[in-house]
Amino acid sequence: MSTFKILTVCSGNICRSPMAEQLLRAGLRAYPGVVVASAGTVGLVGEPMDARALQLATSLGATDADAHVARELNEQLIRDADVVFAMAREHRRAVVQLRPGASRYTFTIREFARIASEITDGDLAEVALLPRQDLAARFSAAIASSAALRGVVTPPANPDDDDVVDPYRRTDDIYARSADELVPAVAGAVALFRRAAMVI
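Note that this is a predicted model, so its numbers are computed, not measured.

Caption draft 1: Examining the overall build of the protein more closely. Scanning the protein from terminus to terminus reveals 8 helices and 4 strands. Overall, the protein shows an N-to-C arrangement of helices and strands of β-α-β-α-α-β-α-β-α-α-α-α. Relative to the 2.2 N^0.38 estimate, which gives 16 Å for 200 residues, the radius of gyration of the protein is 16 Å and therefore close to what a compact globule would have. Projected onto the principal axes, the alpha-carbon positions of the protein cover approximately 45 × 40 × 30 Å. Accessible area for the protein stands at about 9,300 Å²; split by element, carbon and sulfur atoms hold 53% of it. Taking the average location of the 22 positive side-chain charges in the protein and that of its 25 negative ones, the two points are 3 Å from each other.

Caption draft 2: Highlighting the pairing of strand β2 (residues 34-40). Within β2, 6 of the 7 residues are buried, which leaves it mostly tucked inside the rest of the structure. As defined by bridge partners, strand β1 (residues 4-10) adjoins β2 across 7 bridges and the pair is classed as parallel. Residue Val9 lies in a different strand from β2, and its bridge partner there is Ala39. Between the parallel elements β1 and β2, the chain passes through helix α1 (residues 16-27) in a crossover that is right-handed.

Caption draft 3: Geometry of the environment of Pro48. With respect to the secondary-structure elements, Pro48 resides in the loop between β2 and α2 (51-59). Once the C-alpha coordinates of Pro48 and Pro18 are considered, the two residues, 30 residues apart in sequence, prove to be 9.7 Å apart. Non-local contacts of Pro48, meaning those with residues more than four positions away in its chain, are made with Ile14 and His68.

Caption draft 4: Spatial organisation of the nonpolar core. Of all hydrophobic cores here, the largest spans 65 residues; its most connected members are Ile6, Leu7 and Phe85. Here this core takes 11 residues from helix α8 (residues 172-198), the largest share from any one element. Once you skip the residues sitting within four places of it in the chain, Ile6 turns out to touch Leu24, Leu28, Val34, Val35, Val36, Ala37, Val83, Phe85 and Phe193.

Caption draft 5: Molecular detail of the packing of aromatic side chains. Tallied over the full model, the rule gives 7 aromatic pairs. Between the aromatic rings of Phe85 and Phe112, the centroid separation amounts to 4.9 Å while the plane-to-plane angle is 55°, which identifies the pairing as tilted. Here Phe85, found in strand β3 (residues 83-86), pairs with Phe112, found in helix α5 (residues 109-116); they are 27 residues apart in sequence, far enough to count as distant. Between Phe107 and Phe112 the ring centres are 5.0 Å apart and the planes differ by 70°, which places this aromatic pair in the edge-to-face class. Of the residues examined, Phe112 reaches a relative accessible area of 0% and is grouped as buried. The side chain of Arg150 reaches across the aromatic face of Phe107, ending 4.3 Å from its centre.

About the criteria used
- Residues numbered from 1 in each chain as written.
- Predicted model: local features only at pLDDT ≥ 70, side-chain atom pairs only at ≥ 80, totals over all residues.
- Heavy atoms only, no water.
- Helix = DSSP H or I, 4+ residues; strand = E, 2+ residues; numbered from the N terminus.
- Rg over C-alpha atoms; globule rule 2.2 N^0.38 Å.
- Areas by Shrake-Rupley, 256 points an atom, 1.4 Å probe, with all protein chains shown as cover.
- Lys, Arg positive; Asp, Glu negative; His and termini not counted.
- Charge placed at Lys NZ, Arg CZ, Asp CG, Glu CD.
- Buried < 20%, exposed > 50% of the residue type's maximum accessible area, 1.4 Å probe, protein only.
- Pairing = 2+ DSSP bridges.
- Right-handed = clockwise from strand over helix to strand, strands pointing away.
- Contact = heavy atoms within 4.5 Å.
- Core = buried A, V, L, I, M, F, W, Y, C linked by side-chain atoms within 4.5 Å.
- Phe/Tyr/Trp six-rings, centres within 6.5 Å; stacked < 30°, edge-to-face > 60°.
- Lys NZ or Arg CZ within 6 Å of the ring centre and 35° of its normal.

Shown next, in the form of structure tokens:
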């Protein structure tokens, strides 16, 4: 079976990217062969998830957040990924600096969800031609369709709206705001993958 690898990226790999990793894994649990991992641009290597982020992730349905161990982003992780979801534009830039070719499959997760919400079944025509059992190919084709629309879909009025705010060492309301920005973005990404799996 082919695998489809998702990589989520933030700064320390203890708050936003592991939460995104956990939520994506939960949302895509029904699809065999999907592998979700995370890393940080200045990864606090070996550290567990931040306690408040872990509590939030668990309350949102994550089941293995307490097993998380932070690691640092490197070129090989990016090379191995089929799509990279950065938590903010600075992380997308860091990914592309490490591997320029990754620009076509690296998005901030909120950017991806914004594009995904405007994708029509017509945009997924090439996905529909692929065998339904080949999820990896279908998901990869959906990523390519999203990348093709990057400059077409209306950008946010405020560029910051493509970022998930960093809650690390900040107040509880910033943690809540971070989750409020991340959760719908993950849901939007999962919804597109589900459409890609089903479209005929």
